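Chain by chain, the residues run as shown.
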Amino acid sequence: MKNIRSVFVALMVVVLVITAGILTAVNYTKTETVVVQGIEQSLADTTKVAAHEVEFWLQLRKAEMEGIANTPILLSGDKQAINTYLLMESKRMPVYSAFWVSDPAGNWYSPVGTSGSISERDYYKELMKTGKSIISDPLIGKADGKMAVVVAIPIKSNGQLVG
């Protein structure tokens, strides 16, 4: 009788251990799924908020540049006055890595003496095609070789694109 009882108790312990193991595995799997889904949702929400903040920041930069592009100094075409003005603005707004002005052919110059051509850049082609302000995709800047986003604003005089 004692032997049957021992076998029965051992069998019950084995069944309970297996049952507890199965329940633990199921519980772990379900908990992991819930936690991962929560983290994924949190990351998606955080990414959306960050994207909206970046978009708002870029729109502010675009509005600033549109204000500068419409100043009489830039509309004058006087390269010396434009360089002096842009140098002053670069000191006032250090968030920008560089200021420069381009002619309709894509030849640019900056107040620090650098120059070149942007005629092959996508943002330049889009601006010339539409006549509207453009915020570029990230690119390597020609002036300093650093990663940048260009805020390109058309300079118009009497309805004509002059820069």
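Quick notes on the rules
- Residues numbered from 1 in each chain as written.
- Predicted model: local features only at pLDDT ≥ 70, side-chain atom pairs only at ≥ 80, totals over all residues.
- Heavy atoms only, no water.
- Salt bridge = Lys/Arg side-chain N within 4 Å of Asp/Glu carboxyl O.
- Helix = DSSP H or I, 4+ residues; strand = E, 2+ residues; numbered from the N terminus.
- Buried < 20%, exposed > 50% of the residue type's maximum accessible area, 1.4 Å probe, protein only.
- Core = buried A, V, L, I, M, F, W, Y, C linked by side-chain atoms within 4.5 Å.
- Contact = heavy atoms within 4.5 Å.
- Patch = residues over 30% accessible without salt bridge, like charges linked within 9 Å, V, L, I, M, F, W, Y side chains within 5 Å.
- Areas by Shrake-Rupley, 256 points an atom, 1.4 Å probe, with all protein chains shown as cover.
- Phe/Tyr/Trp six-rings, centres within 6.5 Å; stacked < 30°, edge-to-face > 60°.
- Lys NZ or Arg CZ within 6 Å of the ring centre and 35° of its normal.

(A) Spatial organisation of the pattern of salt bridges. Following the criterion strictly, the structure yields 3 salt bridges and no others. With a closest N to O distance of 3.0 Å, arginine 61 and glutamate 64 form a salt bridge. Of this pair, arginine 61 and glutamate 64 both sit in helix α1 (residues 2-69), 3 residues apart, which is roughly one turn of that helix. According to the relative accessible area criterion, glutamate 64 is partly exposed, its value standing at 27%. Glutamate 126 is the salt-bridge partner of lysine 129, the closest N and O atoms lying 3.8 Å from each other. You can see lysine 129 and its partner glutamate 126 sitting in helix α4 (residues 122-130), 3 residues apart, about one turn around the helix. In this structure lysine 129 comes out as exposed when scored by relative accessible area, which is 66%. Here glutamate 126 falls in the partly exposed class, since its relative accessible area comes to 31%.

(B) Region of interest: unusual backbone geometry. The phi dihedral of asparagine 158 is positive, around 55 degrees, even though this residue is not glycine. One can find asparagine 158 in the loop between β8 (156-157) and β9 (160-161).

(C) A look at the nonpolar core. Counting residues in hydrophobic clusters, the biggest one holds 15 residues, and the most contacted among them are Met65, Ile68, Leu74, Leu86, Phe99 and Val101. Of all the secondary structure elements, the ones that give two or more residues to this core are α1 and α3 (79-92). With residues near it in sequence (within four places) discarded, leucine 74 still touches Ile68, Ala69, Ile82, Tyr85, Leu86, Val101 and Ile155. In this structure, Trp108, Tyr123, Ile134 and Ala152 belong to the second largest nonpolar core, which totals 9 residues.

(D) Structural context of a nonpolar patch on the surface. Together, Phe8, Val9, Met12, Val13 and Val17 make up a nonpolar patch on the protein surface, roughly 460 Å² of accessible area in all. With respect to the secondary-structure elements, valine 9 resides in helix α1. Take valine 9: its relative accessible area is 45%, and that puts it in the partly exposed class.

(E) Broad picture of the packing of aromatic side chains. Within the structure shown, the criterion is met by 3 aromatic pairs. Look at tyrosine 96 and phenylalanine 99: their rings are 5.2 Å apart centre to centre, the planes differ by 55 degrees, and that puts the pair in the tilted class. On the basis of an interplanar angle of 45 degrees and a centroid distance of 6.5 Å, the ring pair of tryptophan 100 and tyrosine 123 is categorised as tilted. Note that tryptophan 100 is positioned in the loop between α3 and β1 (101-102) and tyrosine 123 in helix α4, a separation of 23 residues in sequence. In this structure tryptophan 100 comes out as partly exposed when scored by relative accessible area, which is 27%. For tyrosine 123, a relative accessible area of 6% translates into the label buried. Ring-pair connections join several aromatic residues into one group, and the members of that group are Trp100, Trp108 and Tyr123. Here lysine 79 stacks its cationic end above the ring of tyrosine 109, 4.6 Å away from the centre of that ring.

No statement about biological role is implied by the geometric values presented.
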